[in-house]
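Structural overview for review
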Amino acid sequence: MNRLFSLFCFLMVAVCGSAHASPQRAYAFGVDLHNACGYPIQVKAIHHFDRESLDDAKMDQRIEPGETTWVLSVEHISSNIRRAIPDNYHLEIIANSSIISLDKTKFLEVLKKAKYRK
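All of these numbers come straight from a predicted model, not from anything done at the bench. (Residues numbered from 1 in each chain as written. Predicted model: local features only at pLDDT ≥ 70, side-chain atom pairs only at ≥ 80, totals over all residues. Heavy atoms only, no water.)

Describing the pattern of salt bridges
Counted by the stated rule, this structure contains three salt bridges. Between lysine 104 and aspartate 87 there is a salt bridge; the shortest N-O distance is 2.8 Å. Linking lysine 104 in helix H2 (residues 104-111) with aspartate 87 in the loop between helix H1 (81-84) and strand E6 (90-95), this pair joins segments that are 17 residues apart in sequence. What makes lysine 104 buried here is its relative accessible area of 13%. Among the residues examined, aspartate 87 registers a relative accessible area of 67% and is labelled exposed. (Salt bridge = Lys/Arg side-chain N within 4 Å of Asp/Glu carboxyl O. Helix = DSSP H or I, 4+ residues; strand = E, 2+ residues; numbered from the N terminus. Buried < 20%, exposed > 50% of the residue type's maximum accessible area, 1.4 Å probe, protein only.)

Pasting the structure below:
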């Protein structure tokens, strides 16, 4: 599992507000995982989306070679992704009987090597 996956991260800044409140800047962070392998991988994520209901708190998806899927999509008032990612975030990637398990700290380490788009 030399190169199991590629992570792509993007940052989008939006101004959010309502009729009763002054506009507030919000930062949207999205991370998608691209399967660069020649075989399918299984991706499991917990607390990967900030607008999830309890039923949607977990994602378990098979990703075919060349396919991409979201593994994180959150909005936050801080431009610091470390603050935006939930503390209980967890990502698991399974391929060829091997498992890569990433908690928030390990995920942030992997993101340091990711390609970024704005």
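What about unusual backbone geometry?
One non-glycine residue, asparagine 96, lies in positive phi territory at about 50°. Here asparagine 96 is to be found in the loop between E6 and strand E7 (98-103). Phi at serine 97 takes a positive value of approximately 65°, unusual for a residue other than glycine. Of note, serine 97 is situated in the loop between E6 and E7. According to the relative accessible area criterion, serine 97 is exposed, its value standing at 79%.

Considering the confidence of the model for the protein
In the predicted model, the protein carries a mean pLDDT of 75, and the fraction of residues at 70 or more is 69%. Low pLDDT, under 50, characterises residues 8-19; the predicted model gives this stretch 41 contacts beyond four residues in sequence or across chains. (pLDDT = per-residue confidence, 0-100. Contact = heavy atoms within 4.5 Å.)

Here we look at the packing of aromatic side chains
Going through the model one piece at a time under the given rule, you end up with one aromatic pair. Ring geometry for tyrosine 89 versus phenylalanine 107: centroids 4.7 Å apart, planes at 50°, classification tilted. Here phenylalanine 107 lies in helix H2 and tyrosine 89 lies in the loop between H1 and E6, a separation of 18 residues in the sequence. Here tyrosine 89 and phenylalanine 107 have matching classes, each one buried. (Phe/Tyr/Trp six-rings, centres within 6.5 Å; stacked < 30°, edge-to-face > 60°.)

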